[in-house]
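Coordinate inspection notes
Listed below, chain by chain, are the residues.
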Amino acid sequence: MQNNCIFCKIIAGEIPSATLYEDEDFKVIMDIFPAAKGHAIILPKKHCENLYELEDASAEKVMKVARMVAAAIKAELNCDGLNLLQNNGEVAGQTVFHFHIHLIPRYRNDSLKMTWSQGKYEGQEAVELAKAIADRLIESDRKANI
Ligand code: 5GP
Ligand code: ZN
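Position numbers for residues count from 1 along each chain, tracking the sequence in the order it is written. Following the order in which they are written, the chains are lettered starting with A and the ligands numbered starting with 1. Residue-level local features of this predicted model are given only where pLDDT is at least 70; pairs of side-chain atoms are given and counted only at 80 or more, and the full residue set underlies all totals for whole chains, interfaces and linings. With hydrogens and water excluded, all non-hydrogen atoms of the structure serve as input to the side-chain values.

**Topic: the coordination of the zinc ion (ligand 2)**
- Sodium, potassium and calcium take a 3.2 Å donor cutoff, other metals 2.8 Å, and in both cases only N, O and S atoms count; water is not among them, so sites may look incomplete. Every protein donor of the zinc ion (ligand 2) is accounted for by Cys-5 (SG), Cys-8 (SG), His-47 (ND1) and His-98 (ND1), and the metal-donor separations fall at 2.0 to 2.3 Å.
- Square planar and octahedral assignments, for four and six donors respectively, both demand that opposite donors be over 155 degrees apart and that all other angles lie between 65 and 115; tetrahedral needs four donors with all angles between 85 and 135 degrees, and anything else is irregular. Geometry at the zinc ion (ligand 2) is tetrahedral, judged from the four donor atoms that bind it and their angles of 104 to 116° at the metal.
- Sequence positions of the residues that donate to the zinc ion (ligand 2) give the spacing C-x2-C-x38-H-x50-H. Within this pair, whereas Cys-5 is found in the segment before helix 1 (6-11), its partner His-98 is found in the loop between strand 4 (81-85) and strand 5 (101-106), the two being separated by 93 residues in sequence. Working definition: helices are DSSP H or I runs of at least four residues, strands are E runs of at least two. Numbering for both runs from the N terminus.

**Remarks on the site of ligand 1**
- Near ligand 1, the surroundings consist of 15 residues, among which Met-30, Asp-31, Gly-93, Thr-95 and His-102 are the closest.
- Here a polar contact is recorded for every N or O atom pair within 3.5 Å, except that within protein the pair must consist of a potential hydrogen donor and a potential acceptor, and residues adjacent in sequence are included only if both atoms are side-chain atoms. At a separation of 3.0 Å, an oxygen atom of ligand 1 approaches a polar backbone atom of Val-96.
- Per-residue and other accessible areas were derived by the Shrake-Rupley procedure at a 1.4 Å probe size, with only the shown protein chains allowed to occlude residues. Against a free-state accessible area of 510 Å², the protein chains account for coverage of 86% of ligand 1.
- Elements supplying a minimum of two residues to the shell around ligand 1: helix 1 and strand 2 (26-30).
- If one sorts the elements of the shell around ligand 1 by residue count, helix 1 sits on top with three residues.
- Across the shell around ligand 1, the residue classes tally to eight nonpolar, six polar and one charged. What makes a residue near a molecule or strand is one non-hydrogen atom of that residue sitting within 4 Å of it. Only Asp, Glu, Lys and Arg are considered charged in this grouping, and only Ala, Val, Leu, Ile, Met, Phe, Trp, Tyr, Cys and Pro are considered nonpolar; every other residue, Gly among them, is considered polar.

**Some details on the environment of His-102**
- For His-102, the location among the structural elements is in strand 5.
- Given the relative accessible area of 10%, His-102 is considered buried.
- For His-102 and Ile-42, which are 60 residues apart along the polypeptide, the C-alpha to C-alpha distance reads 6.6 Å.
- Note on contacts: a residue pair qualifies if any of its non-hydrogen atoms lie within 4.5 Å across the two residues. In this view, His-102 contacts Asp-31, His-39, Ala-40, Ile-41, Asn-83, Leu-84, Leu-85 and Asn-87; residues no more than four positions away in its chain are not counted.
- Polar contacts involving the side chain of His-102 include one to the side chain of His-39, which spans 2.8 Å. Burial classes: relative accessible area under 20% of the type maximum marks a residue as buried, over 50% as exposed, and values in between as partly exposed (1.4 Å probe, protein chains only).

**Brief notes about the nonpolar core**
- Buried Ala, Val, Leu, Ile, Met, Phe, Trp, Tyr and Cys residues that are joined via side-chain atoms within 4.5 Å together make up what is termed a nonpolar core. Judged by nonpolar contacts, the single largest core of 16 residues is most densely connected at Ile-42 and Leu-103.
- The leading source of residues in this core is helix 2 (residues 56-77), at six residues.
- Apart from residues no more than four positions distant in its own chain, Leu-103 is found in contact with Gly-38, His-39, Ala-40, Ile-42, Ala-66, Val-69, Ala-70, Ile-73, Leu-82, Asn-83 and Leu-84.

**Looking at the side chain of Gln-94**
- With respect to the helices and strands, the residue Gln-94 is situated in the loop between strand 4 and strand 5.
- Among the polar contacts listed, one links the side chain of Gln-94 to the backbone oxygen of Glu-49, at a separation of 2.9 Å.
- At 2.7 Å, the side chain of Gln-94 forms a polar contact with the backbone nitrogen of Gly-89.
- In this structure, Gln-94 is in contact with Glu-49, Asn-50, Asn-87, Asn-88 and Gly-89, ignoring residues within four places of it in sequence.

By themselves, these figures tell us nothing about what the structure is for.
As structure tokens, then:
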């Protein structure tokens with residue numbers, strides 16, 4: 001548990017939360033300021049700040065939790081879609097520095113905007129950048145399959 005981490009305090013039960021799922025590794029709660037009703041956040045119980053710090057074991061399990069909770073949200077709310085969102089760093093919109101994944105129910109006529117203007121690559125830029133990033137995948141079992 002990290003001092004002064006609001007999500008660690010929620011996980012420890014020191015701050016109340018509307019909890020919809022809990023197991024030994026994760027707690028899933030309702031976001032207090034929901035983008036839509038049913039907006040939930042998945043919290044790993046072991047504190048880590050962001051995706052870069054997330055341990056493999058948690059990373060392997062977290063998408064299974066996301067899939068399970070997404071299906072339950074869809075079944076309950078009959079939403080038309082659902083966004084998974086995960087922010088890393090202040091510039092990316094992270095405000096609580098304990099890794100979490102948002103599940104946000106979406107509806108055909110909702111007013112939420114999660115769009116960006118479409119950029120473009122010149123020439124071989126995308127291929128070269130892919131190669132440069134692939135070269136940084138140091139561990140051979142994580143090497144991009146190119
Ligand atoms: P971030 O911006 O870091 O991706 O998301 C943090 C989320 O945590 C926000 O959507 C915010 O509404 C939510 N949040 C912040 N404090 C609390 C809290 O005390 N309880 C709950 N349930 N959610 C919180
Ligand atoms: Zn924490």
